[in-house]
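# Survey of secondary and tertiary structure
Each chain, letter by letter, is given below.
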Amino acid sequence: QVHLVESGGASVQAGGSLRLSCVVSGGTISTLYMAWFRQTPGKERDGIAAIDADGTLNYLDLVKGRFTISKDNAKNTLYLEMTSLKPWDTGTYYCAADHGPILWGTIAPDEYNNWGQGTQVTVST
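Not measured: the values here are computed from a predicted model. (Residues numbered from 1 in each chain as written. Predicted model: local features only at pLDDT ≥ 70, side-chain atom pairs only at ≥ 80, totals over all residues. Heavy atoms only, no water.)

## Brief notes about the packing of aromatic side chains
Inspection of every chain in the model, using the stated rule, returns 2 aromatic pairs. Note on phenylalanine 37 and tyrosine 112: the rings are 5.7 Å apart at their centroids and 75° apart in plane angle, and the pair reads as edge-to-face. Of this pair, phenylalanine 37 sits in strand S4 (residues 33-39) while tyrosine 112 sits in the loop between strand S9 (91-98) and strand S10 (114-115), and the two are 75 residues apart along the sequence. What makes phenylalanine 37 buried here is its relative accessible area of 0%. Relative accessible area serves as the criterion here: at 5%, tyrosine 112 is assigned to the buried category. (Phe/Tyr/Trp six-rings, centres within 6.5 Å; stacked < 30°, edge-to-face > 60°. Helix = DSSP H or I, 4+ residues; strand = E, 2+ residues; numbered from the N terminus. Buried < 20%, exposed > 50% of the residue type's maximum accessible area, 1.4 Å probe, protein only.)

## Description of the pairing of strand S7 (residues 67-72)
The two faces of the sheet receive side chains in turn, since in a regular strand these alternate between them. Across 6 bridges, the pairing between S7 and strand S8 (residues 77-82) is antiparallel. By the bridge assignment for S8, aspartate 72 is matched with threonine 77. With antiparallel pairing between neighbouring strands as the criterion, S7 and S8 make up a hairpin whose turn holds 4 residues, including asparagine 76 at a positive phi of roughly 55°. (Pairing = 2+ DSSP bridges.)

## A closer look at the pattern of salt bridges
If you walk through the whole model with that rule in mind, you get 3 salt bridges. Among the ionic pairs, aspartate 89 bridges to arginine 38, the shortest N-O distance being 3.1 Å. Of this pair, aspartate 89 sits in the loop between S8 and S9 while arginine 38 is found in strand S4, placing the two residues 51 residues apart along the sequence. For aspartate 89, a relative accessible area of 0% corresponds to the buried category. We note a salt bridge from lysine 64 to aspartate 61, for which the minimum N-O separation is 2.9 Å. (Salt bridge = Lys/Arg side-chain N within 4 Å of Asp/Glu carboxyl O.)

## Quick word on empty space enclosed by the protein
Scanning all chains against the criterion turns up 1 cavity of 30 Å³ or more. Counted as a void, the largest cavity has a volume near 30 Å³. Surrounding the largest cavity, Ala50, Asn58, Ile102, Leu103, Trp104, Gly105, Thr106, Ile107, Ala108 and Tyr112 form its lining. (1 Å grid on protein atoms, 1.4 Å probe; cavity = no way out; pocket = protein on both sides within 12 Å on 5 of 7 lines; lining within 4 Å. Points joined across faces, edges and corners; volume = space filled by probe spheres on them.)

## Quick look at the nonpolar core
Core analysis: the largest hydrophobic core is formed by 27 residues, its most contacted members being Met34, Trp36, Leu78, Leu80, Met82 and Tyr93. Secondary-structure elements contributing two or more residues to this core are strand S3 (18-25), S4, strand S5 (46-51), S7, S8, S9 and strand S11 (119-124). It is S3 that contributes the most residues to this core, 4 residues altogether. When near neighbours in sequence (up to four residues on either side) are disregarded, tyrosine 93 contacts Glu6, Leu20, Trp36, Phe37, Arg38, Ile48, Phe67, Leu80, Met82, Gly118, Thr119 and Val121. Membership of the second largest hydrophobic core comes to 9 residues, among which are Phe37, Ala50, Ile102 and Ile107. (Core = buried A, V, L, I, M, F, W, Y, C linked by side-chain atoms within 4.5 Å. Contact = heavy atoms within 4.5 Å.)

Function-wise, these values are silent; they only describe arrangement.
Written out as structure tokens, the structure is:
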């Protein structure tokens, strides 16, 4: 019953910034384990960033210092703020949720049971 709707994807130039949003319904984000994943054609979904119910953060090394995951409990919304975008950041970004607990470490897609439809990010050089 948890539904996720992503938005904010766009085509931008390298070095630019974007803010992705994921609106949660059918669940309370303050009690959920949330994450962002990225997928390119022919590849598996890679975990980009995760935040657990108490706010603990986990990031893929390639995005540390550039991307920030956060949530607004009052708005029941998850965010991914992306800066200094690189061409290899291109892909479809998915919001994911689970009631947890989550096995912490690698941000793995099989740890999350609820998924959004994805939003496309294209970074050009």
